[in-house]
Amino acid sequence: MTAQSIDPWELLEELEARRLNRISRSLHEYCRYIDIPGAPVNDDEECDEFYPDNVTPAAHHDLLNEKLQQINDGDLKRLMVFMPPGSAKSTYTSTTFPTFYMGNHPGEPIILASYGSTLAKKFGRKCRQITSSDGYSRVFDTQLRADNRAVDDWGLTNDATFMCGGILSGMTGNRAAGVVIDDPVRGREDADSQTIRDKTWDAYQDDILTRLRPGGWQVIIQTRWHEDDLSGRILPEDWDGESGPILCRDGLVWEVLCIEAECTRLDDPLGREIGDMLWPDYFDEEHWAPHRNQSRKWASLFQQRPKPAEGALVKRKWIQRYNLQPAEFLRIVQSWDTAYKEKEINDPSVCTTWGETRFGYYLLHVFRDRLVYPDVKRNVVSLALAWEPQAVLIEDKASGQSLIQELREGVKVGDQIFVPHVIAIEPEGSKIDRLVGVSGIIEAGKLYLPEQAAWLPDYESELFGFPLTTHDDQVDSTSQFLKWAHESRTMIDVRTTGTERAGLAEEGRKSVRGNRRKRYGGFM
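These remarks concern the structure in this document. (Residues numbered from 1 in each chain as written. Predicted model: local features only at pLDDT ≥ 70, side-chain atom pairs only at ≥ 80, totals over all residues. Heavy atoms only, no water.)

On to the overall build of the chain, then. When helices and strands are tallied, the chain shows 18 helices and 20 strands. Looking at the 524 residues of the chain, the share that counts as buried comes to 51%. Taking all contacts inside the chain whose residues are at least 6 apart in sequence as the whole, residues at least 24 apart take part in 70%. Summed over all atoms, the accessible surface of the chain reaches about 24900 Å², with 48% contributed by carbon and sulfur. (Helix = DSSP H or I, 4+ residues; strand = E, 2+ residues; numbered from the N terminus. Buried < 20%, exposed > 50% of the residue type's maximum accessible area, 1.4 Å probe, protein only. Contact = heavy atoms within 4.5 Å. Areas by Shrake-Rupley, 256 points an atom, 1.4 Å probe, with all protein chains shown as cover.)

Dropping the structure here:
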């Protein structure tokens, strides 16, 4: 065929067919081709019309689409996405991606879940609008079915189907090839509710995962409200904001895409420099300013790490460090926070061991484990024998009362009776109140932590993250000791002369160095 005989209309049709084929295979191209629904045209919750979203995709959207493309192509099965509010993560994950997947996978059903049915249906309406457009039918040669158009349960003529609903609504129906969970937490009140967090986790385990076909894919997208939210229960306990493939507590590898509002990591997935802000072409500094001084909000919703690096109540700069323990202590004290049931392992029990000097309080050791009652009692005895404390503090609550009584009666070790010096502590106020009550001691530079210890990262994570952390047992043990130590020391200072205080200090040093017979009823 000569150049003169080429029909220009046929050439244009062929070029258009190639373009549409390229769009159908590339989520990057698809998002720039279709009209993405934006804000609804009115305030009616059931509004089916939306203004077009004309925002040009930014770098973080392209990175997100790369991960979603891998889901579509079968190269990735599990993806978590954490980004600040307003970053348009839902636009691409819950609006464009489901329709792209359905066009590429005839006959496959997908599910979208959110904290409530209203939000889920909003996504359902936007997806349905895309699939009813002429542009969509040109790309995928399929369209919305006329006989299956309910906003929360609809399908295409290629037999791909879409269901959506609240994660706690107990969705029932057919199994799914993939699940998108967008924003499983309604807000701060729900995030702080242990009951809601437990219900959300149970719904995920019992309703969502059981709906997945073997080999099905999952996408969880959210801002992080709480360390113990849905994603937090899947992520490893030591996760600290890193992106990439992460081996999680469910035994599976998840791809994590965590993008902070303000870059604080050298391995930032966008390649930003430390201090660079997200999407500067869209968000100016005035957008971020009102949120920066709200440490809990900034750390969780905007930085995606519910445990603030500088802590909510205790600041890292307050802490003193030591390389070597002092040669002598005025006294050594152990502080127990017990948590157990008679025949069931509960929350972790903790023992912090402290050395006291006239300068401050040295944390010497942390024991932390989930134990049943006999093991708690056994560890109290073994740690007391190992460290020879002058006092063993045990909170006088339901899980500690029987332990206090039995230890005071003595425990048989070999052919001797061992009686540790147990002091029952009556807790006053909330856990937050207790830590606030001793925070002045820490701020004054009287709390010394070692430079290195196997238990130190876990202890610091809880101390500096409280009250945003999942567990608070190490914090409780610490505040219990500091309050008792400060009050008992104050009583000595008030009631004795300088000469008497020196004598008491010397007696304490001798006792710490090994006068076990005197303190433990003759046991050696």
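Another aspect to go through is the nonpolar core. Membership of the largest hydrophobic core comes to 57 residues, with the highest contact counts inside it found for Tyr-30, Met-102, Phe-162, Trp-217 and Trp-288. Setting aside anything within four residues of it in sequence, one finds Met-102 in contact with Ile-110, Tyr-136, Trp-154, Leu-156, Asn-158, Ala-160, Thr-161 and Phe-162. With 30 residues, the next largest nonpolar core counts Val-366, Leu-393, Ile-423 and Ile-425 among its residues. (Core = buried A, V, L, I, M, F, W, Y, C linked by side-chain atoms within 4.5 Å.)

Bringing the pairing of strand 13 (residues 331–337) into the picture now. Of all 7 residues that make up strand 13, 7 are buried, and the element is covered over most of its length. Here 7 bridges tie strand 13 to strand 14 (residues 349–356), and the two strands are oriented antiparallel to one another. Bridge pairing in strand 14 links Gln-334 to Thr-353. Here 4 bridges tie strand 13 to strand 16 (residues 391–395), and the two strands are oriented parallel to one another. Residue pairing across strands places Gln-334 opposite Val-392, the latter belonging to strand 16. (Pairing = 2+ DSSP bridges.)

Strand order in the open sheet formed by 7 strands is 12-20-15-14-13-16-19, with mixed pairing between adjacent strands. On the outer flanks of this sheet lie strand 12 (320–322) and strand 19 (422–425), each paired with one strand and no other. Between one strand and the next, the sheet's axes are offset by a mean angle of 30 degrees, whatever the strand orientation. Its contacts with the sheet put helix 12 (residues 373–387) on strand 13, strand 14, strand 15 (361–369) and strand 16, and the angle it makes with strand 13 is roughly 165 degrees. (Axes fitted to C-alpha atoms, helices over the stretch in contact; angles between N-to-C directions.)

This part is about the packing of aromatic side chains. Applying the stated rule across the entire model yields 24 aromatic pairs. One aromatic cluster is present, built from ring pairs that chain together Trp-279, Tyr-282, Phe-283, Trp-288, Trp-298 and Phe-302. Between Arg-224 and the ring centre of Phe-82, over which it is positioned, the NZ or CZ distance is 5.4 Å. (Phe/Tyr/Trp six-rings, centres within 6.5 Å; stacked < 30°, edge-to-face > 60°. Lys NZ or Arg CZ within 6 Å of the ring centre and 35° of its normal.)

Within the open sheet, the 9 strands sit side by side as 5-6-7-4-8-9-3-11-10. Their pairing is mixed. Every interior strand has two partners, whereas the edge strands, strand 5 (144–150) and strand 10 (244–247), have only one. When the angles between neighbouring strand axes are averaged without regard to direction, this sheet yields 20 degrees. Sheet analysis places strand 5 next to strand 6 (residues 153–156), joined by 3 bridges and oriented antiparallel.

Right, let's talk about a negative patch on the surface for a bit. Among the surface-exposed residues, Asp-43, Asp-44, Glu-45 and Glu-46 lie close enough to one another that they form a single negatively charged patch. Along the chain, Asp-43 falls in the loop between strand 1 (37–40) and strand 2 (50–52). (Patch = residues over 30% accessible without salt bridge, like charges linked within 9 Å, V, L, I, M, F, W, Y side chains within 5 Å. Salt bridge = Lys/Arg side-chain N within 4 Å of Asp/Glu carboxyl O. Lys, Arg positive; Asp, Glu negative; His and termini not counted. Charge placed at Lys NZ, Arg CZ, Asp CG, Glu CD.)

As for its position among the elements, Gln-218 is in strand 9 (residues 212–222). Within the local environment of Gln-218, its side chain forms a polar contact with the side chain of Tyr-204, the two groups lying 2.6 Å apart. (Polar contact = N/O pair within 3.5 Å; in protein donor to acceptor, adjacent residues only side chain to side chain.)

Looking now at helix 14 (residues 431–443). The end-to-end C-alpha distance of helix 14 is 18 Å, a good match for the 18 Å that 13 residues give at a rise of 1.5 Å each. The axis of helix 14 is deflected most strongly, by about 35 degrees, at Gly-437. Among the residues of helix 14, those classed as buried are Arg-434, Leu-435, Val-438, Ser-439, Ile-441 and Ile-442. The positive-phi residue at the C-terminal boundary of helix 14 is Gly-445, with phi of around 80 degrees. (Expected span 1.5 Å × (residues − 1). Bend = angle between axes of the 7 residues up to and from the residue.)

A side chain with one charge can pair with a side chain of the opposite charge if their charged atoms come near. In the structure shown here, the tally under the stated rule is 31 salt bridges. The salt bridge involving Arg-305 is made with Glu-260; its shortest N-O contact spans 2.6 Å. With a gap of 45 residues between them, Arg-305 in the loop between helix 11 (295–302) and strand 12 and Glu-260 in the loop between strand 11 (253–258) and helix 10 (285–292) connect regions that are remote in the sequence. For Glu-260, a relative accessible area of 2% translates into the label buried. For Glu-487, the salt bridge goes to Lys-483, with nearest N and O atoms at 2.9 Å. Of this pair, Glu-487 and Lys-483 are both found in helix 16 (residues 473–495), 4 residues apart, which corresponds to roughly one turn of the helix. Since its relative accessible area comes to 34%, Lys-483 is described here as partly exposed. One salt-bridge network, in which partners are shared between bridges, spans Glu-395, Lys-431, Arg-434, Asp-472 and Asp-476.

The next point concerns the packing of helix 3 (residues 59–73) against helix 4 (residues 89–104). Axes are the key here: two packed helices are described by the angle between their axes and the distance separating the axes. Remark: helix 3 packs on helix 4, axes separated minimally by 10 Å, with the N-to-C direction vectors making an angle of 30 degrees. If you check the angle between helix 3 and helix 4, you find them roughly parallel. As for the relative orientation of helix 3 and helix 4, their crossing is right-handed in sense. Where helix 3 approaches helix 4, its residues His-61, Leu-64, Asn-65, Leu-68, Gln-69, Ile-71 and Asn-72 are matched on the opposing element by Lys-89, Tyr-92, Thr-93, Phe-97, Phe-100, Tyr-101 and Asn-104. (Parallel < 35°, antiparallel > 145°, perpendicular 65-115°, else oblique. Left-handed = near helix turned anticlockwise from the far one by under 90°.)

Here the focus is the environment of Asp-190. With respect to the helices and strands, the residue Asp-190 is situated in helix 7 (residues 188–191). Relative accessible area serves as the criterion here: at 21%, Asp-190 is assigned to the partly exposed category. Setting aside anything within four residues of it in sequence, one finds Asp-190 in contact with Ile-196 and Arg-197.

Pairing of strand 10 with strand 11 involves 4 bridges; the strand directions are antiparallel. Along strand 11, the bridge assignment pairs Gly-244 with Val-256. Where strand 10 hands over to strand 11, the hairpin turn is made up of 5 residues, of which Gly-251 adopts a positive phi near 85 degrees.

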